[in-house]
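Understanding the architecture of this molecule
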Amino acid sequence: ISTRAANILSALDIPTSSEVNGVFDGEWKGAGDVVETICPTTGEVLAHVKTASPEELHVAIGKARDAYAFFRHVPAPQRGEILRQIREALASKRSELGALISLEMGKIRTEGVGEVQEFVDICDYGVGLSRMMNGRVIASERPGHSILEGNLLIHMASLVPNPLGVVGVLSAFNFPVAVYGWNLALSLAAGNATIWKPSPTTPLCAIAVTTIISRVLEKNGIPGAVAGLVTGDSDAGAAIVENRDIPLISFTGSERVGRIVGKTVQSRFGKTILELGGNNAAIVMPDADLKMAVPSIFFGAIGTAGQRCTSTRRLYLHRQIADEFLERLQKVYSKIKPGDPLEEKTLLGPVHTAASVGIFEKAVQHLRDIDASILAGGARYTASDISKNLHGGFFVQPTLAVPKSSDPADALWQTETFAPVLNCAVFDELEEAIEWNNAVPQGLSSSLWTRDMRGVGKWLGPSGSDTGIVNVNVGTSGAEIGAAFGGNKSTGWGRESGGDAWKQYVRWSACTVNFSDAAPLAQGVDFSL
Ligand code: NAD
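Parameters and conventions
- Throughout, a residue's number is its position along its own chain's written sequence, starting from 1.
- For a predicted model such as this one, the threshold for reporting local features is a pLDDT of at least 70, and the threshold for listing and counting side-chain atom pairs is 80 or more; totals across whole chains, interfaces and linings nevertheless cover every residue.
- Note that the side-chain values use all heavy atoms of the structure and ignore hydrogens as well as water.
- Elements are defined by DSSP. Helices are runs of H or I of four residues or more, strands are runs of E of two residues or more, and each kind is numbered from the N terminus.
- In protein, a polar contact requires one atom able to donate a hydrogen and another able to accept it; more generally it is a pair of N or O atoms within 3.5 Å, and residues adjacent in sequence count only if both atoms are side-chain atoms.
- When checking whether two residues touch, look at their non-hydrogen atoms; a contact exists if any pair is within 4.5 Å.
- Each salt bridge in this description consists of a side-chain nitrogen of Lys or Arg and a carboxyl oxygen of Asp or Glu lying within 4 Å of one another.
- Only protein chains enter the area calculation, which uses a 1.4 Å probe; residues under 20% of their type maximum are buried, those over 50% are exposed, and those in between are partly exposed.
- Whether a residue is near a molecule or strand is decided by its heavy atoms; if any one of them lies within 4 Å of it, the residue is near.
- Residues are grouped as follows: nonpolar covers Ala, Val, Leu, Ile, Met, Phe, Trp, Tyr, Cys and Pro; charged covers Asp, Glu, Lys and Arg; every other residue, Gly included, is treated as polar.
- We call a set of buried Ala, Val, Leu, Ile, Met, Phe, Trp, Tyr and Cys residues a nonpolar core when their side-chain atoms join them within 4.5 Å.
- Whether two aromatic rings pair depends on their centres lying within 6.5 Å, for rings of Phe, Tyr and Trp, where Trp uses its six-membered ring; planes under 30 degrees apart make the pair stacked, over 60 edge-to-face, and the rest tilted.
- Look at NZ for Lys and CZ for Arg. If either is within 6 Å of the ring centre and within 35 degrees of the ring normal, a charge sits over the ring.
- The directions considered for the arc are those from the helix axis to the C-beta atoms.

Digging into the side chain of Thr312
By secondary structure assignment, the location of Thr312 is in strand E16 (residues 312-318). Within polar-contact distance, the side chain of Thr312 engages the side chain of Thr476 at 2.7 Å. Those residues in contact with Thr312 that sit more than four places away from it in its chain are Asn280, Ala282, Ile297, Gly300, Ala301, Leu422 and Thr476.

Put into structure tokens, the structure is as follows:
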């Protein structure tokens, strides 16, 4: 284990050893492949993690089933109290856990800490929810199927939310903590057990979070498998996805894998929440406040080194302000300096892996092949751009380009490139820009920059943006937990976190109770013998 990883893990009170157990089902273990987790900033090996063997995976799913059978009987407000304690435990380690995210994923410090805060926030939400996961009482059409008490008519047909079972959470590398938090908080409040298969490249974050949660569960006499963990790669993910004992799979990742997961779960009639790729556009109108729009769009494009699902990838500029906007944007691009994400002042960290560098280089090569104007970036950083201790890291230049064609059907505009590459095009009418915004397979986030209420009305209305997150004078990235988060079309239609998202984590029972001495049939059907 590297010194940096060991220091952060010990600040989190997590035992360190040369090989770290990556499986938790109530006990820590790991008899599968031993994998290296790599620091994106330096290229050093942070730790060796013992992943789940197929047998351990099988046992972990069985223990999660048993844990669910216990946990569903714990009253919801008591489950909320456990969430409150998890919230406290996470908040007390906010800074240390944030640092671990920066170390292992590569995002800058404030974003790492922000991710832990998101988990804390959703726990608060789950605590409130634990007293508000109400069903509904419905008027029965059949006589005697309701009772009259004084003036109060109680209809005995009702919709009742019950715990669902084991929820499988498969997550991506770019939010190695918060996405699990969104799922765990709602799943736990709903009375389920959760089994988590994190990204194979961020196992330490998952081990740290699971350790913190397991201590709270243990203190409360709750089986640890209520929040189980199995590290591993696609085989482990596939085994969870195929398992009929897991009624709900919440998958966050690429469209490619999401398509496999969606089909597999559908073929066994399970439920899915799919949170897949984004290809998010920002549209800037001539009356936009450029002082706000330029830094916000810059953050949208290069925050998390362009590796947020909500990163701004397409920029549509009205002809009247296009030149001025690009000039201003070029200036901020030229000022950004790469650095160690753990240092407070760094605003640009590395991309996550060597493969991410490959994705970036391929996209930039394509821009060159089609003769696009590259206004900023366009290459890896050279050794002279970064300090010596970071030479092994995966640093790429944020890239701003204006391709010759703005035809939304071109592959360049249709594809999510998971790297800091922002492509721009110029439009004349808002309607044209909205058409371009909608003309891609993905539908996660979008933003319009304007002061004109008429434009806002179009944008938010029936012929406006077709994405799940539709913003005005707010960048495409940076979600709050209160609203349901998710996207449409090939982003998967899933919704997580706030809003009505919790309703997916329960099984709904439509219950009718007959209090009369007759058994009438609905719709007046007569079946007299
Ligand atoms: P990925 O699809 O490569 O991996 C996601 C997870 O799926 C990992 O845990 C991986 O091990 C697992 N997996 C891989 N093959 C599998 C299989 N055959 N069966 C089951 N599981 C399998 O994604 P990534 O590269 O880690 O993440 C980047 C992608 O995630 C981007 O497309 C990004 O937009 C998306 N993302 C979406 C959201 C959202 O909320 N919409 C949030 C974060 C990331």
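Still more ground to cover, so stick around.
Regarding the pattern of salt bridges
On inspection of all chains with the given rule, the structure shows 21 salt bridges. A salt bridge links Glu88 to Arg87; the nearest nitrogen and oxygen atoms lie 3.4 Å apart. Taking relative accessible area as the criterion, Arg87 reaches 18% and is therefore assigned buried.

Re the site of the ligand
The ligand sits among 27 residues. The nearest are Ser171, Lys197, Ser254, Leu276 and Glu416. Ser171 is positioned such that a nitrogen or oxygen atom in its backbone is 2.8 Å from an oxygen atom of the ligand. A distance of 2.6 Å is found between an oxygen atom of the ligand and a side-chain nitrogen or oxygen belonging to Lys197. Going through the elements one at a time, helix H8 (234-242) and strand E13 (248-252) are the ones with two or more residues in the shell around the ligand. At three residues, the largest contribution of residues to the shell around the ligand is made by H8. Residue composition of the shell around the ligand, grouped by class: 13 nonpolar, 10 polar and four charged.

Considering the nonpolar core
The biggest cluster of nonpolar side chains holds 101 residues, and the ones touching the most others in it are Leu97, Leu100, Phe119, Tyr180 and Ile213. Element by element, the count of residues in this core is highest for helix H7 (residues 203-219), at 10 residues. In this structure Ile213 touches Ile86, Phe119, Tyr180, Leu184 and Ala227, once residues within four positions along its chain are discounted. Listed in part, the 56 residues of the second largest apolar core include Tyr316, Leu412, Trp413 and Leu422.

Some remarks on unusual backbone geometry
For Asn473, which is not a glycine, the phi torsion comes out positive at approximately 55°. Tracing the sequence through the fold places Asn473 in the loop between strand E22 (469-472) and strand E23 (484-485). We note that Ser497 has phi near 75°; this positive angle belongs to a residue other than glycine. Mapped onto the elements of the fold, Ser497 is located in strand E25 (residues 496-497).

So, the environment of Trp459
Along the chain, the position of Trp459 falls in helix H15 (residues 453-460). Among the residues examined, Trp459 registers a relative accessible area of 0% and is labelled buried. Put simply, Trp459 and Val470 are 11 residues apart on the chain and 8.1 Å apart in space, counted from C-alpha to C-alpha. If near-sequence neighbours (up to four positions away) are discounted, Trp459 is found in contact with Ile283, Ile434, Asn437, Ser446, Ser447, Leu448, Gly464, Ser465, Val470, Asn471 and Val472. Here Asn471 takes part through its backbone oxygen, which lies 2.8 Å from a polar atom of the side chain of Trp459.

As for the packing of aromatic side chains
Scanning the model with the defined rule gives nine aromatic pairs in all. Considering the side-chain rings of Tyr316 and Trp413, the 5.6 Å spacing of their centres and the 40° angle between planes classify their relative orientation as tilted. With Tyr316 in strand E16 and Trp413 in helix H13 (residues 411-414), this residue pair connects regions lying 97 residues apart in the sequence. Taken together, a centroid distance of 5.8 Å and an interplanar angle of 50° make the contact between Trp502 and Trp508 tilted. Using a relative accessible area of 7% as the deciding quantity, one classes Trp502 as buried. Taken together through their ring pairs, the aromatic side chains of Phe119, Tyr180 and Trp196 make up a single cluster. The ring of Phe175 carries Lys107 above its face, with NZ or CZ at 3.7 Å from the centroid.

Quick word on helix H14 (residues 430-438)
Of the residues making up H14, those classed as buried are Leu430, Ala433, Ile434, Trp436 and Asn437. Taken around the axis of H14, the buried residues stretch over an arc of 160°, which confines them to a single face. Of the surrounding elements, those touching the buried residues of H14 are strand E15 (280-284), E16, strand E19 (421-427), strand E21 (445-449) and H15.

Keep in mind these numbers describe shape, not what the thing actually does.
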